[in-house]
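Below, each chain spelled out in residue letters.
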Amino acid sequence: MTDIDDRIRGALDEDDRAFLASLDEGRGMFSQIGDVLTGPLGGWSKLIFAVAFVLGIALVYFAYRFFTATAFEDSVWWGIVTLGALLMQGFIKEWFYSRMNMLSVLREVKRLQVQVAMLGEGAPRA
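Residues numbered from 1 in each chain as written. Predicted model: local features only at pLDDT ≥ 70, side-chain atom pairs only at ≥ 80, totals over all residues. Heavy atoms only, no water.

Q: Where do I start with the nonpolar core in this structure?
A: Side chains of nonpolar character tend, in soluble globular proteins, to be buried together. Val36, Phe62, Ala85, Ile92 and Phe96 are the most contacted members of the largest nonpolar core, which totals 14 residues. Where this core is concerned, the elements lending two or more residues are α3 (29-36), α4 (42-68) and α5 (72-122). Top contributing element to this core by residue count: α5, with 7 residues. Once you skip the residues sitting within four places of it in the chain, Phe62 turns out to touch Trp78, Val81, Thr82 and Ala85. (Core = buried A, V, L, I, M, F, W, Y, C linked by side-chain atoms within 4.5 Å. Buried < 20%, exposed > 50% of the residue type's maximum accessible area, 1.4 Å probe, protein only. Helix = DSSP H or I, 4+ residues; strand = E, 2+ residues; numbered from the N terminus. Contact = heavy atoms within 4.5 Å.)

Q: It is not clear to me how α3 should be interpreted in this structure. Could you clarify?
A: Among all positions of α3, only Gln32, Ile33, Asp35 and Val36 are buried. Seen from one end, α3 has its buried residues packed into an arc of 155 degrees, which puts them on one side. (Arc of directions from axis to C-beta.)

Q: Would you mind going over the confidence of the model for the chain with me for this structure?
A: Detailed reading of the predicted coordinates is not advisable wherever pLDDT falls low. Model confidence for the chain is summarised by a mean pLDDT of 83, while 78% of its residues fall at 70 or above. Confidence, read as mean pLDDT per element, is least for helix α1 (residues 3-11) in the chain (64) and greatest for α4 (94). (pLDDT = per-residue confidence, 0-100.)

This is the structure:
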């Protein structure tokens, strides 16, 4: 910790301190995924996570049916279904990673906001 870090923490209100305390410096991927599952959209995130899990299992089944189909029409059908499930899985993962990125950016914006406020307090008033 440096002196500026201590000064920034002293200038924060209780909500900002709690927010920054919840975001450590060395946040791993699984910790960030856990952050996505909490907060105001935590319930929706948990629901979407469950849908992604079920969709992953279904995707494996659809791919199995595609590779074991005997008729051409069945192969086409299961191929389209597999591609559709793969696209849905990709969009869900993109949403999760976007939320993780948003939380990281929000953390940095909070730090900058506090630093600008501290600079404003130290500047001479006209």
